[in-house]
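Chain by chain, the residues run as shown.
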Amino acid sequence: MATAVSTPTDKSDEHEEAAPQVVKLDPALLVRDECNAREHDTEPDEKLIASVKELGVEEPISVRPRPDGTFGVFKGWRRAQAAQAANAAAEQDGRPVRLVMAYVREDLVGRDGWTRFLSLVENDHREGMSERDTLRAQELALIDMTDVDRRTAAKALGVGRNAAKQAKAAQKLNDAVLRRTAAAGMDLEQTAQLAEVAGVRGAEDRLMRALSRDHAEGKGGRGHWDQEMALLRAEQADAETRAKAEEELRAANIPLLGRVPSYEKDPSRPLTELTSGLGNPLTEDNHKNCPGHSARLDDEHRPVWHCADPAAYGHKVRAQPKKPKTEEDEHKAEERARIVACNRAWKAAAGPRQEFVKRLVRGKTLPDEARLFAQQILMDLPRFYGKWAEKQRTQTVALLLGAKDPENDSASETAASFPKNRLANVLFAQVAAAFEDAIREPKQFDTARMTHVYLWESPDRLQAAYLLLLESLGQADDGSYQLSEVEQQAVASHRPNAAA
């Protein structure tokens, strides 16, 4: 039973084909709409039921008509259930039942995505809706919309164009983590990124600290977050590379030797230290049929071939003086571990750095500091820039200019799409590309000193100036970019007050 009781309300947004009318409905005709965003904690509490028994449902609910004559409630389902419970009690007591005020949204029939979005907005403004329900509703609503509706909904929710994918990814986290991310103020993109690297030990704590540092600076940027994510992705990629190497050994039925405790003697030896019984060198090929054929993985996760027990399988140890392990050996091992970590961090830092340069280049106005820096490099033509220009490498330039396919798109054609008044942006992209290619690898040969150096220890003056420029521009852009720890280490001696 339904009776109209008011005139149509004002049209509230461009998606409503007709303003809905408030009508009175029998609660017995109400069912939960399949696009109601709230999937958990959907039952009314005793306080709500008691209130409805006394006063009825004071605020109209929102429903869609269904083919069977019932109405699907997508806003106010708990109030509708409270009304049903109140009427059941009234019938038992012989008291009259109450009808429910409702907006009947005929315009939403067949528009599931928009219906779910409206339900999400309603529930998001009320307490009690779980983070998982919110993510699920965002994902399903945005997937099931037209492009026009999706743009409007994303703007209303304050999310980006990839929100549906991000919401789906974020749901991989358990409820406890989702509650912590919401309490810490992570946005949807950040929650999805946490889910991406959740398998890395300590990822949540590290990202929480980075988020806290960004919030503490109060500029609205996420420079610390981006750097920590780059490191976590690099560590995850490193772990995946190792897992792949281990799987390849398992597939080939080659045992992977584990770490031997210091108090036990390790019987295994690398093949480079062994010979056959006749004194011939052992290699992977001529040793693979030995029962002791095995491997360990080096720092780059490449197999180093071993024999698990040379004495048992008739091999001889190459004659060489035995050196006891010394404190110097331990220092060398620590230094090797430090080098591996710094090299990995240096390569990881390139991602956030290049993304920031892309944002600068694609911006409407290039900061004067960037323009002057590019102008200086182009006018002075330092040796590294001249050598880079001669090689005509254009992939990095295309990347920084924002080409969709940097490997195949022409950098000059991409640059031609820029307005005339953004020539400085294009020139800065070229100069930045030269620096990015120059500092891509952490270990380089320094011709001035005729030795190899690590850039995270000893960058040259111009390389440090480039990094310091980006740091300054990132700070001016509300902290949207921060130098990583390894980059800060590299430029420490080049800061203006370093000699003071």
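Residues numbered from 1 in each chain as written. Predicted model: local features only at pLDDT ≥ 70, side-chain atom pairs only at ≥ 80, totals over all residues. Heavy atoms only, no water.

S.K.: Any details on the side chain of Q482? Residues and values, ideally.
M.R.: Along the polypeptide, Q482 turns up in the loop between α18 (461-476) and α19 (485-491). Once you skip the residues sitting within four places of it in the chain, Q482 turns out to touch E217, G223, H224, Q227 and Q475. (Helix = DSSP H or I, 4+ residues; strand = E, 2+ residues; numbered from the N terminus. Contact = heavy atoms within 4.5 Å.)

S.K.: Pulling in residues and values, what's your account of the confidence of the model for the protein chain?
M.R.: Predicted confidence across the protein chain gives a mean pLDDT of 87, with 90% of residues reaching 70 or more. In this model, residues 1-17 is a region of pLDDT below 50 whose contacts with residues beyond four sequence positions or in other chains number 36 contacts. (pLDDT = per-residue confidence, 0-100.)

S.K.: How would you summarise a positive patch on the surface if you had to cite specific residues and measurements?
M.R.: Side chains of R383, K387, K391 and R393 sit close together on the surface and give a patch of like positive charge. Residue placement: R393 occurs in the loop between α14 (383-391) and α15 (395-401). (Patch = residues over 30% accessible without salt bridge, like charges linked within 9 Å, V, L, I, M, F, W, Y side chains within 5 Å. Areas by Shrake-Rupley, 256 points an atom, 1.4 Å probe, with all protein chains shown as cover. Salt bridge = Lys/Arg side-chain N within 4 Å of Asp/Glu carboxyl O. Lys, Arg positive; Asp, Glu negative; His and termini not counted. Charge placed at Lys NZ, Arg CZ, Asp CG, Glu CD.)

S.K.: How would you summarise the sheet that holds strand β9 (residues 293-297) if you had to cite specific residues and measurements?
M.R.: On the basis of which strands lie adjacent, the open sheet formed by three strands has the order β7-β10-β9 and antiparallel pairing. The open sheet has two edge strands, β7 (269-270) and β9, and neither has a second partner. Across two bridges, the pairing between β7 and strand β10 (residues 303-307) is antiparallel. Following the sheet pairing, R269 is matched in β10 by C307. Against the sheet, helix α10 (residues 223-251) engages β9 and β10, with an angle of about 180° to β9. (Pairing = 2+ DSSP bridges. Axes fitted to C-alpha atoms, helices over the stretch in contact; angles between N-to-C directions.)

S.K.: Describe the pattern of salt bridges, naming the residues involved and giving the relevant values.
M.R.: Per the counting criterion, the structure on display carries 30 salt bridges. With its nearest N and O atoms 4.0 Å apart, the salt bridge here joins D68 to R66. Take D68: its relative accessible area is 54%, and that puts it in the exposed class. The residue E204 makes a salt bridge to R180 at a minimum N-O spacing of 2.6 Å. Taken together, the positions of E204 in helix α9 (residues 203-217) and R180 in helix α7 (residues 175-184) put the pair 24 residues apart, joining distant regions of the chain. Through salt bridges with shared partners, a single network forms among D33, E34, R64, R66, D68 and D112. (Buried < 20%, exposed > 50% of the residue type's maximum accessible area, 1.4 Å probe, protein only.)

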